[in-house]
Each structure stands twice: as C-alpha cells, then as structure tokens.
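# Observations on chain architecture
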There are 2 protein chains.
Amino acid sequence: MKMVRKKVPKATINRLPLYLRGLVNFYSKGERVVSSTRLAELIGTNSAQVRKDLSFLGEFGIRGIGYEIEKLIEELSQFLGLAQAKKVIVVGVGRLGSALLGYNGFKERGFEIVAGFDVDPSKIGKEMNGVNIYKMDSLRKIVKKIGVDIGIITTPAQKAQEVAEKLVEAGVKSILNFAPVSIEVSDKIPVRNVDLSVEFQILSYYLSKGEKSIIKRGNEKRFGEGGKPSIK
Amino acid sequence: MKMVRKKVPKATINRLPLYLRGLVNFYSKGERVVSSTRLAELIGTNSAQVRKDLSFLGEFGIRGIGYEIEKLIEELSQFLGLAQAKKVIVVGVGRLGSALLGYNGFKERGFEIVAGFDVDPSKIGKEMNGVNIYKMDSLRKIVKKIGVDIGIITTPAQKAQEVAEKLVEAGVKSILNFAPVSIEVSDKIPVRNVDLSVEFQILSYYLSKGEKSIIKRGNEKRFGEGGKPSIK
DNA sequence: CCAGGCAAGTTAACTCTTTCACAAAGATTA
DNA sequence: TAATCTTTGTGAAAGAGTTAACTTGCCTGG
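Notes on the structure in this doc start here. Every value quoted in this text rests on a predicted model; they were computed, and no experiment measured them. (Residues numbered from 1 in each chain as written. Chains lettered and ligands numbered in written order. Predicted model: local features only at pLDDT ≥ 70, side-chain atom pairs only at ≥ 80, totals over all residues. Heavy atoms only, no water.)

## Points about the sheet that holds strand S1 (residues 33-34) of chain B
Residue and element names in this part refer to chain B. Spelled out, the test is: DSSP calls a pair of strands paired once it identifies at least 2 bridges connecting them. Only DSSP runs of H or I reaching four residues or more are called helices, and only runs of E reaching two or more are called strands; each is numbered from the N terminus. We call two residues contacting when some pair of their heavy atoms lies within 4.5 Å. Note on method: axes are straight lines fitted to C-alpha atoms, helices fitted across the in-contact stretch only, with angles between N-to-C directions ranging 0 to 180 degrees.
What the three strands build is an open sheet, ordered S1-S3-S2; its pairing is antiparallel. Strand pairing shows two members of the sheet lacking a second neighbour, S1 and strand S2 (61-62), which therefore form its edges. The sheet contacts of helix H4 (residues 69-79) involve S1 and strand S3 (66-68), and relative to S3 the element is tilted by about 70°.

## Digging into the protein's contact with DNA strand C
Quick reminder of the rule: For this description, a residue counts as near a given molecule or strand if any of its non-hydrogen atoms is within 4 Å of it. N or O atoms within 3.5 Å of each other form a polar contact, as long as, within protein, one can give a hydrogen and the other can take it, and as long as residues adjacent in sequence are counted only when both atoms are side-chain atoms. Residues are grouped as follows: Ala, Val, Leu, Ile, Met, Phe, Trp, Tyr, Cys and Pro are nonpolar; Asp, Glu, Lys and Arg are charged; all remaining types, including Gly, are polar.
Taken together, 28 residues lie near DNA strand C, and Ser36(A), Lys52(A), Arg63(A), Arg15(B) and Asn46(B) sit nearest. At the protein interface, 69% of the atoms of DNA strand C within 4 Å belong to sugar or phosphate. Within the backbone of Gly61(A), an N or O atom sits 2.9 Å from a phosphate oxygen of DNA strand C. Listed by contribution, the elements that provide at least two residues to the surface near DNA strand C are helix H3 (47-55), strand S2 (61-62) and strand S3 (66-68) of chain A together with helix H1 (10-28) and helix H3 (47-55) of chain B. In the surface near DNA strand C, the residues fall into 11 nonpolar, seven polar and 10 charged.

## Comments concerning the protein's contact with DNA strand D
In the vicinity of DNA strand D, 29 residues are found, and the nearest of them are Arg15(A), Arg63(A), Ser36(B), Arg51(B) and Tyr67(B). Within the side chain of Gln49(A), an N or O atom sits 3.4 Å from a phosphate oxygen of DNA strand D. At 3.4 Å from a base nitrogen of DNA strand D is found a side-chain nitrogen or oxygen belonging to Arg51(A). Those elements that provide at least two residues to the surface near DNA strand D are helix H1 (10-28) and H3 of chain A together with H3, S2 and S3 of chain B. It is H3(A) that contributes the most residues to the surface near DNA strand D, four residues altogether.

## Quick word on the pattern of salt bridges
Defined as follows: We define a salt bridge as a contact between a side-chain nitrogen of Lys or Arg and a carboxyl oxygen of Asp or Glu at a distance within 4 Å. Burial classes follow relative accessibility: with a 1.4 Å probe on protein chains only, a residue under 20% of its type's maximum area counts as buried, one over 50% as exposed, and anything between as partly exposed.
Here the structure, examined in full by the defined rule, presents 20 salt bridges over all chains. For Arg192(B), the salt bridge is made with Glu199(A), and the minimal N-O distance between the two is 2.5 Å. With Arg192(B) in strand S10 (residues 191-193) and Glu199(A) in helix H9 (residues 196-212), the pair connects residues from two separate chains. The burial state of Arg192(B) is the same as that of Glu199(A); both residues are buried. A salt bridge links Arg140(B) to Glu169(B), with the shortest nitrogen-to-oxygen separation between them at 2.2 Å. A residue pair is termed long-range when its members are at least 10 positions apart, and Arg140(B) in helix H7 (residues 139-146) and Glu169(B) in helix H8 (residues 157-170) qualify at 29 residues. Where salt bridges share partners, they join Lys159(A), Glu162(A) and Lys166(A) into one cluster.

## A closer look at unusual backbone geometry
Residue and element names in this part refer to chain A. For Asn 129, which is not glycine, the phi dihedral falls at a positive 50°. By the secondary structure assignment, Asn 129 is in the loop between strand S6 (127-128) and strand S7 (131-135). A relative accessible area of 44% means that Asn 129 is categorised as partly exposed.

## Re the environment of Pro190(A)
Residue position: Pro190(A) is located in the loop between strand S9 (174-177) and strand S10 (191-193). Sequence spacing of Pro190(A) and Ile175(A) is 15 residues, and the spatial spacing of their C-alpha atoms is 6.3 Å.

## Notes on the sheet that holds S2(A)
All names here are of chain A. Across the sheet, three strands lie side by side as S1-S3-S2; this open sheet has antiparallel pairing. The outermost strands of the open sheet, each flanked by one partner alone, are strand S1 (33-34) and S2. With two bridges joining them, S2 and S3 adopt antiparallel strand pairing. The residue bridging Gly 61 from the neighbouring strand is Tyr 67, located in S3.

## Let's talk about H3(B)
All names here are of chain B. Counted only if it meets this: By construction, the arc corresponds to the directions joining the helix axis to the C-beta atoms.
Of all the residues in H3, the buried ones are Val 50, Asp 53 and Leu 54. The buried side chains of H3 occupy one side of the element, clustering within an arc of 90° when seen end-on. On the buried face of H3, the contacting elements are H1, helix H2 (36-43), S3 and H4. Two or three places before Ala 48, at the opening of H3, Asn 46 has a side-chain oxygen 3.1 Å from that residue's backbone nitrogen.

Such coordinate-based values are descriptive only and should not be taken to indicate function.
See below:
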C-alpha cells in the first residue's frame, strides 16, 4: 500500500504503451479482465515483470482474478499523459513524412497532425491527406498560433539539426527524429530518435550471430544528445 | 593474448549501428581518426561506454591517439554482418510500405529491397520505385528463388501475424514488423517490432511529466518469447 | 463461515549495464 | 633515453532492471 509512487524505471515506461496496445485490443474483442500472465505473453515477457511494472502506477488488480481491462486502460492513458490530444507537425513531407501524414492510427490514438512543412515549392500551399503544407518560414508563426506538442523530423540528415533548432526556437515541446543522425537540443526538450537503418543493422547482427558469437580477442592488435542523460 | 568466448551485451549491440553511422559521417568529412570522447558525444553517452563497447569486439584503438575510422568501420560492419548485402522484401505496400520501398538510404547501407507484396489487385503487377509488386500467393515461390534475409511487415495489424507465419514458412530469415501488434514466430527467427504509435506515447509521457529528456532509441528486441538470443 | 484455489503485490536475490578510476602503451618533446 | 602527454583497455564498484519466490487478499464451493 504505497501512497508515494516511486520513480518509474525507463524500461517500464517503454513497456507501458505495449500493455496499453494489447489491452485495447483485448477490450475490443469483448474481454473485460486479464491476468498478468496473459498480458505478459502479449508482449513477450513474464508475469512478474508485468505485475512489477503495473505496481509502479498503483494497485489496481484484483487478487485471484486479474486486472479489469477498462480500468487499466484508463490508468495507463492517464499515466502516459494521453488524456488530452496532442498536436503534431511534420517537417519534411517526402516519402516517409507523407506516409506519416496519412496514417490514421495516430489520430485514433490522440495524436493529431495539424500541419506539414517543407522547402519544396511544389508542395507548399498544397494539402496532403487533409493536412496543409507550409513553407519553413511560417513555422514559428504557426507553432505560436496553434501550440504544438510534438515535432516530427523527416528531412534529410544534413538538415535535421537545423530543423530541430528551429522547432525548439518556435516552441515545439518535444521532437521525434527520423533522420539518420543524432540531434542535439536543450535537455528540457524530450527527443526520441528512430532510425530505420539502425533497426535493419541490429537485425543483421542477429541474423549472422551464429558465427559471431565466439569472439577472438587480443592476439594482435575493437537523446537531447550531448552528454546528457543516456537512455536506452 | 586471450581467446575467450565473450558475450556481447545487447545494450552494446544496439549502440554499434549508431557508432557506425557516426563514423561513416566523420569519414565522409575527411576525418581519419576519432577518440572515444568524440564518438561518445555523437550518440549521447560517455567515453568509458564507448571504449567498453568497442572492447567487446577486440582491441583496435591506438593509445594516445584514438581509433582509425576506416578500420573501425570495417570491424563494425564485419561484426554486424553487414559485409554482404541483405535481400529485403516488403509485405503491404500501403503508405508506409511504399515509403520504405522508395528510401534510398537502405540500398546505400547494403539492404536491397528486391520485391513487394500486396493483396490489392490494383498494385499487383505494377512497379513502384523500381521494385515489382507481387500477389501474396507468389511469396513462397519468390522467396525460395531469390533467398530473402529480411521480411518487412507493413500490413494492417489484423493481418500481421498471418503474414509473419507465411514469411517464416516461405523461408525468410528475419522479420521487421511495423504493424502495431506483437507477432509470434519460431524462436529461431529474429524479430524486431517497431511501432510508431508507441514512440509517440513514450514521448507523451516525458512531455506530460515535464521530465528530463530522453535520448536514445527505443528499444528492445524480442525473439518470439522472452528473448533467447544470448549464447552463454 | 471455512477451505482451497488463484492471481496480485512485494521482497530480495540475481543479472545486466554503466561508470569510475587507473594502469598500460603509443606519441611527442627535449 | 627519459619525461610527459594523451587516450585506450579493463577490473571493480555502483546502479538499473529482471526474476524467483513468498505473502496477501479476493472469490467460489461446500
């Protein structure tokens, strides 16, 4: 029975959205209660982990029964700050950027893309999937006017850092960077980097790891970025 | 002078592609040597971490100087199994799938998209960004013929599990899943799940907590169940 | 109301990862 | 050659995260 919530580990934070996703799925199938074991299978971990993770948020399971799905969804949404919708802009509406503009899953989950920005004159002033595309010069004005929670960077790598700075300067509150480069901004602004090539390369390692798992050594001669908090 | 079986930590594996990315970038700018401190800044960690990570692969720094970039790129590429090109297919060429088809960065990094698959008759038989789109029924035949290292799933969530099973059955060696659902296949097949909504939600948490910034990438890999990839 | 079953909550052991701090070794200077 | 400087490589300590195993509490059947 704890009133004071201890600090929630980062590893736990990373799993909470996965629980949420699974719970919503279960709920839509008519289920109303779920056990830690069932939730664990869903995301590939074990039941102790699930109980531990959820215990950081409070006690809302029923011993002998499990967790009431609806209640747990509510608690997780609350905890993750999903209670109110988030406004999102996309800078760089090339292939990936426009794919994001068109993905309905975000809106369903409370992330509304309110504007796109690009430097290509042939895109500026157009509308893509119901979202207006503006020139970069308008960034500041538009952000000030509507308030933006998340700025997505889908520009080429060379432009990413510059864009990140413009976003911060304009007042965007957090950044999701898809450009294959690490960006560095004030450590007050949460930044997440998602590099798809990196995912491929990690997979490549596990693909070939049979031979790679034995290493010979020694017979001759092996986020706001910038030295701030390192997170996995 | 030791010949040791030493397990490379997963956390290290996840960082190696980031070092590689930075090194390639430095090299293209004409630099030839880099220190652990410099590499650390690049990915937002500290020099001890970098040295430790690299020490798992061998000793190829020069004390008093740093690391020879070209050599380090070579070693990392070798270690990550990037020495030979990987063949990739994309199942589901909707918005995200076709964005991936068109991204040149993959080919540059040795990941060649050799075919796309879809169920939509209006796409089948067409070519998108130089890649032929086939019907799902052809999956097995084509995979058998050309050999496929990585299968990307960019279908709707409801189809993802079924597609994953077809991929495995056809002989695809690893899977990168973008559908917002966890897929479960044989433990022998490495799987990585990338859910963009999850990234948004994690960001949402840090946003609402007004907490210090996050940095790195999300995450964890899953291998079927509770992660089997370690060799003891 | 009690006994038995079941699953959450919790503690502590354990494992994994990061960081510290220093010895080792190549480079440079005198 | 020796002294000094610099940066790697590493063992050990510290810190995070995971898992096992135990305790608590709810529910059901008798």
